[in-house]
Amino acid sequence: MNLDERCPCHSGDPFGACCGRYLAGAGGAPAPTAQALMRSRYTAFALGDVAHLLDTWHPSTRPGSLDLEPDRRWLHLSVESCSGGGPFDSDGTVCFTAVYRAPGGRGELHERSRFVRENGRWYYVDGDVG
């Protein structure tokens, strides 16, 4: 993806100034907040960056491998709320809705994601879908 294109997370910023700086293929700088990490993970799903998804998943809940659905196209992300997850917090939650298109039609994923910060780095732990 071109660094000047609009970021897939729909922040309104260019990819290079938004999630691009956190993805594994672009240097992999640590995200400063839980919301920034969640946005970068959405972008990783949209771009198929499995390495970033696994790298930012907490070791206690990380799967051994991850197979993305090749026919699922992520269309839009809406962040509804955040609790904690700032640069000086040790944990945080981000509630969001992600819209996708799959062979069966459009769908939405609503999740309340939990994050922890260890050694100055944020990790996705798990989430409640619904």
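An unreviewed UniProt entry lists the protein under the name UPF0225 protein C6V83_05110, with Gordonia iterans as the source organism.

Counting secondary structure elements, the protein contains two helices and four strands. The order of α-helices and β-strands along the protein, N terminus first, is α-α-β-β-β-β. Here the C-alpha atoms of the protein give a radius of gyration of 14 Å, agreeing with the 14 Å that 2.2 N^0.38 yields for 130 residues. Once the C-alpha set of the protein is aligned to its principal axes, its extents read approximately 40 × 35 × 30 Å. Burial statistics for the protein: of 130 residues in total, 38% are counted as buried. Within the protein, contacts between residues at least 6 apart in sequence are counted, and of these 43% link residues at least 24 apart.

It is worth spelling out the UniProt feature "domain: YchJ-like middle NTF2-like" (unreviewed entry) in the protein at this point. Mapped onto the present numbering, the UniProt feature "domain: YchJ-like middle NTF2-like" (unreviewed entry) falls on residues 33-127. Note that residues 33-127 is 21% helix and 47% strand, and that its end C-alpha atoms are spaced 17 Å apart.

Turning to the sheet that holds strand E2 (residues 91-102), a few remarks are in order. Spatially, the four strands line up as an open sheet ordered E1-E2-E3-E4, and their pairing is antiparallel. Edge positions in the sheet fall to strand E1 (73-84) and strand E4 (121-129), since each has one partner strand and no second. Here the average twist between neighbouring strands, direction ignored, is 30°. Across twelve bridges, the pairing between E2 and strand E3 (residues 105-118) is antiparallel. Bridge pairing in E3 links Tyr 100 to Gly 107. Against the sheet, helix H1 (residues 34-47) engages E1, E2, E3 and E4, with an angle of about 165° to E1.

For the structure shown, the criterion picks out five aromatic pairs. Summarising the aromatic geometry, the rings of Phe 115 and Tyr 124 are spaced 5.8 Å apart at their centres and angled 65° between planes, so their arrangement reads as edge-to-face. Of the two residues examined, Phe 115 and Tyr 124, each falls in the buried class. Site record: aromatic cluster; members linked through ring pairs are Tyr 42, Phe 45, Trp 74 and Tyr 100. In this arrangement the basic side chain of Arg 41 is found over the ring face of Trp 57, its NZ or CZ atom lying 5.0 Å from the centre. A cation sits over an aromatic face here: Arg 72 above Tyr 100, 3.9 Å from the ring centre.

Glancing now at the nonpolar core. Core analysis: the largest hydrophobic core is formed by 26 residues, its most contacted members being Cys 7, Cys 9, Met 38, Tyr 42, Leu 77, Ala 98 and Phe 115. Elements supplying a minimum of two residues to this core: H1, E1, E2 and E4. When residues in this core are grouped by element, the largest group, six residues, is from H1. Apart from residues no more than four positions distant in its own chain, Phe 115 is found in contact with Ala 34, Leu 37, Met 38, Ser 90, Asp 91, Gly 92, Val 94, Trp 122, Tyr 123, Tyr 124 and Val 125.

So, how was this worked out
- Residues numbered from 1 in each chain as written.
- Predicted model: local features only at pLDDT ≥ 70, side-chain atom pairs only at ≥ 80, totals over all residues.
- Heavy atoms only, no water.
- Helix = DSSP H or I, 4+ residues; strand = E, 2+ residues; numbered from the N terminus.
- Rg over C-alpha atoms; globule rule 2.2 N^0.38 Å.
- Buried < 20%, exposed > 50% of the residue type's maximum accessible area, 1.4 Å probe, protein only.
- Contact = heavy atoms within 4.5 Å.
- UniProt positions renumbered as here; feature names shortened; annotations may be inferred.
- Pairing = 2+ DSSP bridges.
- Axes fitted to C-alpha atoms, helices over the stretch in contact; angles between N-to-C directions.
- Phe/Tyr/Trp six-rings, centres within 6.5 Å; stacked < 30°, edge-to-face > 60°.
- Lys NZ or Arg CZ within 6 Å of the ring centre and 35° of its normal.
- Core = buried A, V, L, I, M, F, W, Y, C linked by side-chain atoms within 4.5 Å.

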